[in-house]
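Examining the three-dimensional arrangement
As a plain string of letters, each chain reads:
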Amino acid sequence: MHPKLKEHIEKIVPLTADEFAFVSKHFIRKSFKKHQFMVQRGEMVPYNYFLLSGLTKLVYTDDAEKQHILAFAMEDWWDSDLQAYYTRTKATLSMECLEDTEVLCLSLEDYRALCAGLPKIEHFFLEKTIFGFLAAQRRILSLMTASTQERYEQLIRQHPSLLQRVPKTQLAAYLGVTRETLSRLSSQA
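In this report, we go over the structure that sits alongside the text. Small disclaimer: the values here were computed from a predicted structure and weren't measured. (Residues numbered from 1 in each chain as written. Predicted model: local features only at pLDDT ≥ 70, side-chain atom pairs only at ≥ 80, totals over all residues. Heavy atoms only, no water.)

Along the chain, Glu153 falls in helix α6 (residues 148–158). Relative accessible area serves as the criterion here: at 35%, Glu153 is assigned to the partly exposed category. A polar contact is formed between the side chain of Glu153 and the side chain of Gln149, at a distance of 2.8 Å. (Helix = DSSP H or I, 4+ residues; strand = E, 2+ residues; numbered from the N terminus. Buried < 20%, exposed > 50% of the residue type's maximum accessible area, 1.4 Å probe, protein only. Polar contact = N/O pair within 3.5 Å; in protein donor to acceptor, adjacent residues only side chain to side chain.)

This part is about helix α8 (residues 168–175). Residues of α8 that are buried include every one of Gln170, Leu171, Ala172, Tyr174 and Leu175, and no others. On its buried side, α8 packs onto β4 (55–61), β5 (67–74), α5 (119–145), α6, α7 (162–165) and α9 (179–188). Within two residues after α8, Gly176 carries a phi angle of roughly 80 degrees, on the positive side. (Contact = heavy atoms within 4.5 Å.)

A word on the packing of aromatic side chains. Applying the stated criterion across every chain, the model contains ten aromatic pairs. Where Phe27 meets Trp78, the ring centres are 6.1 Å apart and the plane angle is 50 degrees; that geometry is what we call tilted. Here Trp78 lies in strand β6 (residues 78–79) and Phe27 lies in strand β1 (residues 27–32), a separation of 51 residues in the sequence. Pairing Tyr85 with Tyr86 gives two aromatic rings, centres 4.8 Å apart and planes at 80 degrees, and the pair type is edge-to-face. An aromatic cluster is built from Phe27, Phe50, Trp78, Tyr85, Tyr86, Tyr111, Phe124 and Phe125, whose rings are joined through pairwise contacts. Lying over the aromatic face of Tyr174, Arg139 brings its terminal NZ or CZ to 3.8 Å of the ring centre. (Phe/Tyr/Trp six-rings, centres within 6.5 Å; stacked < 30°, edge-to-face > 60°. Lys NZ or Arg CZ within 6 Å of the ring centre and 35° of its normal.)

Turning our eyes to something else, we now look at the nonpolar core. Ranked by internal contacts, the top residues of the largest apolar core, which has 37 residues, are Leu5, Val23, Tyr49 and Phe125. Take this core: its biggest share by element is five residues, from strand β3 (residues 47–53). Setting aside its immediate chain neighbours within four residues, Val23 contacts Leu5, Ile9, Leu114, Leu118 and Ile121. With 17 residues, the next largest nonpolar core counts Ile69, Val166, Tyr174 and Leu175 among its residues. (Core = buried A, V, L, I, M, F, W, Y, C linked by side-chain atoms within 4.5 Å.)

Set out below in structure tokens:
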């Protein structure tokens, strides 16, 4: 299937060639253009996505049509509206491509078949879920306790490439600040 997926999985669990062939059968490869939506609010979410290339943003749009950016995802990351994916309900979030993006798609049925057919993959997904939960918890605590300057510096430390790849207005929205505040922060850094 794709060597990037094998590399990604093998950071947590080793796979034989036969095991990876089994894993590969459960994914569909898709390409999306810049500004195309992979997930749209109000629609069903058929896949969890592993990004091979590109960049996406996960957004909640409130009743006043203000966008709240929950996350960015880039190569070697997973993303989707996971609540809608796992509960088979309509999406409350949207996932938009900020660059042309290539992904491997995993349906819920295929996810379950993978976990049932290869227990080490269930372990892999458990570890990925734990890492994702911890990252979300850190982000929530940062939004609650860190200053704007501290959140900006944390973003630079953890994901420096986002500064070149994401428009400043969207970085500002992710940090919960205005575009002007972000400009001031970046000139001080």
